[in-house]
Amino acid sequence: MRDPSHDSTHAEPVPAIWTGRATNRVQWLLAFAGAACIALGIVLAVVSSWTSGVAPLVMSVVGCVAAGLLMLYGTLAFVHVAVKVDGDAVEVRCGHMGLPRRRILLAHVVGAEFEPKVTPRHWGGWGYRWRPERGTAVVVRRGEGVVVTLGDGRIFTVTVDDAESAVRAIRDRLGAGSGKPAQI
């Protein structure tokens, strides 16, 4: 992992509130597939003339609509992620509704690292992920990310554009609490 504190851009002042985002436009295709499943369920319910009974029709309609809703939520919730670092916490909000949301108090953070290559493959896909050996992550796309280490040893990773600036903002706030630069 590269140490952004040694970059030439380190001289830039750290904003009072740092914000960043990451977006994955490919997931819109999956959202479209979910909408298509919902539409199929509606079409089956309205125009079908199933001769084999009501139960197969109901199961088909409910199955299509349920699968479509799961695909829509699962993709729209992770089309983008917004990260905010302020004086109190690192806050991560996913999707258009901001759910799921994770707020990590800086009092619980002992370190922050820049990770240049976070991939969905390493985490088992896109979304909110947990792996025993790696911790928890919000992965919306391949690329750079922030790895936050908590005092209890847990690790949280999030993909975000300009992750080096986020790491600087977190480290700056960790150092400000003790009156000396954070040695992370």
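Everything here concerns the structure above.
Just so it is clear, the structure is predicted and the values come from calculations on it, not from any experiment. (Residues numbered from 1 in each chain as written. Predicted model: local features only at pLDDT ≥ 70, side-chain atom pairs only at ≥ 80, totals over all residues. Heavy atoms only, no water.)

Peer 1: Looking at this structure, I do not really get the pairing of strand 8 (residues 143-150). What am I missing?
Peer 2: Within a regular strand, the side chains alternate between the two sheet faces. Most of strand 8 is tucked away, with six of its eight residues classed as buried. With seven bridges joining them, strand 5 (residues 109-118) and strand 8 adopt antiparallel strand pairing. Considered in strand 8, the bridge of Glu 115 is made with Gly 145. As defined by bridge partners, strand 8 adjoins strand 9 (residues 155-159) across five bridges and the pair is classed as antiparallel. Looking at strand 9, one finds that Val 146 is bridged to Val 158. Two successive antiparallel strands, strand 8 and strand 9, enclose a turn made up of four residues, where Gly 153 displays a positive phi of approximately 95°. (Buried < 20%, exposed > 50% of the residue type's maximum accessible area, 1.4 Å probe, protein only. Helix = DSSP H or I, 4+ residues; strand = E, 2+ residues; numbered from the N terminus. Pairing = 2+ DSSP bridges.)

Peer 1: How should I be thinking about the pattern of salt bridges in this particular structure?
Peer 2: Side chains that differ in charge, positive against negative, can pair when their charged atoms come close. Counted by the stated rule, this structure contains seven salt bridges. Between Glu 113 and Arg 171 there is a salt bridge, with the nearest N and O atoms lying 3.4 Å from each other. One end of the pair, Glu 113, is in strand 5; the other, Arg 171, is in helix 4 (residues 163-178), and 58 residues separate them in sequence. Salt bridges sharing common partners tie together Glu 91, Arg 93, Arg 101 and Arg 103. (Salt bridge = Lys/Arg side-chain N within 4 Å of Asp/Glu carboxyl O.)

This is a description of form; function is not addressed.
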